[in-house]
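Fold and contact review
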Amino acid sequence: MSLKTAFTALLGFMVSSVALADQMGPNGDKFYEEAAHYEHACQSSPCKSGYSNEIVYSQKQRLNKLSQDTRAALKAIAVDQAQVWGDTILEGDYHAAGRTRLDEVMAFYKNSRLIGYKIQYSEKAWYVGDCDFNGKRESLKGCKEGRIIEGSYVSADHQTYFSDEERYAEFSFINK
């Protein structure tokens, strides 16, 4: 094997192991800018500059205005986005169940044209920093339960998505 081939293989391995689930599709830069404009325009209610939003899916409220295909695509993106947690929040004192749940989807519009979605997703998790967790599921019984929650923006065509910089993964305890 040549040095160039070895270097290329090593570089490919390093790039593939980087903790970035975000994806930039066609017109991704334009969508990124549009999402920023939406956030700014909708800091207070009602939104300004022709922007609007609507909750179109809520697991908690049992609301679903999405087609089966759109919901499946957004769920797949949520699962993909949650994969980065292994190199971020899960390197700390947390353990997750590994089953990502799509919690809420807000569609956002500019002049009644769908621009994209702001999604929130989570996984059941435990704080293991002050319990006797040994890596086995049964040892989680003494640990505090909660959810790891994160948000992302997704373009209307599902080709571009990125983590919401205001909603990076965080752990929230479950009140019992």
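Numbering of residues begins from 1 in every chain and follows the order in which that chain's sequence is written. Where totals are concerned, whole chains, interfaces and linings use all residues; where local detail is concerned, this predicted model gives features only for residues with pLDDT of at least 70, and gives and counts side-chain atom pairs only at 80 or more. Each side-chain value is derived from all of the structure's non-hydrogen atoms; neither hydrogens nor water enter the calculation.

Overview of the packing of aromatic side chains
- Between the rings of Phe, Tyr and Trp (Trp by its six-membered ring), a pair exists once the centres lie within 6.5 Å; its type follows the angle of the planes, with under 30 degrees stacked, over 60 edge-to-face, and the other angles tilted. Enumeration over the complete set of coordinates arrives at 12 aromatic pairs.
- Arranged with centres 6.2 Å apart and planes meeting at 25°, the rings of Phe-31 and Phe-108 form a pair that is stacked. Residue Phe-31 is found in helix 2 (residues 28-41), and its partner Phe-108 is found in strand 4 (residues 101-110); the two are separated by 77 residues along the sequence.
- In this structure Phe-31 comes out as buried when scored by relative accessible area, which is 6%.
- These aromatic residues form a ring-pair network of at least three members: Phe-31, Tyr-32, Tyr-38, Tyr-51, Phe-108, Tyr-153 and Phe-162. Where helices and strands are cited, they refer to DSSP runs of H or I of at least four residues and of E of at least two residues respectively, numbered from the N terminus. Relative accessible area decides the class of each residue, using a 1.4 Å probe on protein chains only: under 20% of the type maximum gives buried, over 50% gives exposed, and in between gives partly exposed.

Things to note about the pattern of salt bridges
- Salt bridges are identified by distance alone: a Lys or Arg side-chain nitrogen within 4 Å of an Asp or Glu carboxyl oxygen. For the structure on display, the rule yields 6 salt bridges.
- Between Lys-65 and Glu-54 there is a salt bridge, and its shortest N-O distance comes to 2.8 Å. Placement of the pair is Lys-65 in the loop between strand 2 (63-64) and helix 3 (68-82) and Glu-54 in strand 1 (residues 51-58), with a sequence separation of 11 residues.
- The exposure class of Glu-54 is partly exposed, given its relative accessible area of 30%.
- Through salt bridges with shared partners, a single ionic network connects Glu-39, Lys-118 and Asp-164.

Some details on the side chain of Ser-152
- Following the sequence through the fold, Ser-152 ends up in strand 6 (residues 144-155).
- Assessed through its relative accessible area of 0%, Ser-152 is described here as buried.
- Within the structure, the side chain of Ser-152 is placed 2.9 Å from the side chain of Gln-81, a separation counted as a polar contact.
- A polar side-chain atom of Ser-152 sits 2.7 Å from a polar atom in the side chain of Tyr-121.
- Discounting residues that sit within four places of it in the chain, Ser-152 has contacts with Gln-81, Tyr-117, Lys-118, Ile-119, Tyr-121, Phe-162, Ser-163 and Asp-164. Polar contact is the term for a pair of N or O atoms within 3.5 Å; when the atoms are in protein, one must be able to donate a hydrogen and the other to accept it, and sequence-neighboring residues count only if both atoms are side-chain atoms. Two residues form a contact once any of their heavy atoms are found within 4.5 Å.

As for the confidence of the model for the protein chain
- Across the protein chain, pLDDT averages 84, with 86% of residues at or above 70.
- What pLDDT reports is the predictor's confidence in each residue, on a scale of 0 through 100. With pLDDT under 50 throughout, residues 1-19 is counted as low confidence; its partners more than four residues away or in other chains account for 4 contacts.

Some remarks on unusual backbone geometry
- In this structure, the amide linkage connecting Ser-45 to the following residue, Pro-46, adopts the cis form with an omega of 0°.
- One can find Pro-46 in the loop between helix 2 and strand 1.
- The phi dihedral of Ser-49 falls on the positive side, at around 60°, and the residue is not glycine.
- Mapped onto the elements, Ser-49 comes out in the loop between helix 2 and strand 1.
- The class of Ser-49 is exposed, set by a relative accessible area of 57%.

Looking at the environment of Lys-144
- With respect to the helices, strands and loops of the structure, Lys-144 is situated in strand 6.
- Relative accessible area serves as the criterion here: at 45%, Lys-144 is assigned to the partly exposed category.
- Spatially, the C-alpha atom of Lys-144 lies 8.6 Å from that of Asp-130, the residues being 14 residues apart in sequence.
- Beyond its immediate sequence surroundings of up to four residues, Lys-144 is in contact with Ala-125, Trp-126, Tyr-127, Asp-130, Phe-171 and Phe-173.

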